[in-house]
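Understanding the architecture of this molecule
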Amino acid sequence: MDWNELYELAKSKRGSRILSKHSEAGSVAAAILSEQGHVYCGVCIDTPCSMGFCAEHAAIAAMVTAGENRILRMVAVGANDRVIPPCGRCREFICQVHDDNYRCEVLLDGGRVSTIGDLLPERW
């Protein structure tokens, strides 16, 4: 799967929606490509008490539920369909679910590509 296909899939999942009077979801969506060639998607869940989670976490949870944990590529899409990098918490989480995930490629704004390892240089 190329970057454009992964981006379009993440973009198609994005869309803010109210879950309850306290929570909303979907302002950010992520798509990840696994080592087995499967794609997993997730959206963020925002709550006022900080118990929600990022779109990357949701996509990883779906991947782990399916029995996989190695990520080859990932993209997250936010407001105005803009590509956004994973936050620091997500970067650490990605590295902790598989020892080689520091090699995971991440699409950045402007079409640039980096690795999680490059985004966490002090870790390695």
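Structure report, in brief.

Reading the values: the criteria
- Residues numbered from 1 in each chain as written.
- Predicted model: local features only at pLDDT ≥ 70, side-chain atom pairs only at ≥ 80, totals over all residues.
- Heavy atoms only, no water.
- Helix = DSSP H or I, 4+ residues; strand = E, 2+ residues; numbered from the N terminus.
- Buried < 20%, exposed > 50% of the residue type's maximum accessible area, 1.4 Å probe, protein only.
- Lys, Arg positive; Asp, Glu negative; His and termini not counted.
- Salt bridge = Lys/Arg side-chain N within 4 Å of Asp/Glu carboxyl O.
- Polar contact = N/O pair within 3.5 Å; in protein donor to acceptor, adjacent residues only side chain to side chain.
- Contact = heavy atoms within 4.5 Å.
- Disulfide = S-S within 2.5 Å.

**Re unusual backbone geometry**
Non-glycine residue Asn80 carries a positive phi angle of around 60°. Inspection of the secondary structure assignment puts Asn80 in the loop between β4 (71-77) and β5 (83-84). Accessibility expressed as a relative area gives 74% for Asn80, which makes it exposed. Not every positive phi belongs to a glycine, and Asp81 is a case in point at roughly 60°. Note on Asp81: relative accessible area 29%, which makes it partly exposed.

**Brief notes about the environment of His22**
Positionally, His22 belongs in the loop between β1 (17-18) and β2 (24-34). Linking His22 and Asp46, residues 24 residues apart in sequence, is a C-alpha distance of 8.6 Å.

**Some thoughts on the side chain of Arg91**
Tracing the sequence through the fold places Arg91 in helix α3 (residues 88-97). Glu56 provides the closest opposite charge to the buried, unpaired Arg91, separated from it by 8.0 Å. At 2.6 Å, the side chain of Arg91 forms a polar contact with the backbone oxygen of Pro86. When residues no more than four places from it in sequence are discounted, the contact partners of Arg91 are Pro85, Pro86, Ile116, Leu119 and Leu120.

**Considerations on the environment of Glu35**
With respect to the helices and strands, the residue Glu35 is situated in the loop between β2 and β3 (39-46). Spatially, the C-alpha atoms of Glu35 and Asn69 are 8.2 Å apart, while their sequence positions differ by 34 residues.

**A short note on the state of the cysteines**
Linking two cysteines covalently through their sulfur atoms gives a disulfide. Under the definition given, this model contains zero disulfides. Cysteine Cys41 shares no disulfide, and the gap to the nearest cysteine sulfur, in Cys44, comes to 14 Å. The structure places no disulfide on Cys95, whose sulfur is separated from the nearest cysteine sulfur, that of Cys104, by 8.5 Å.

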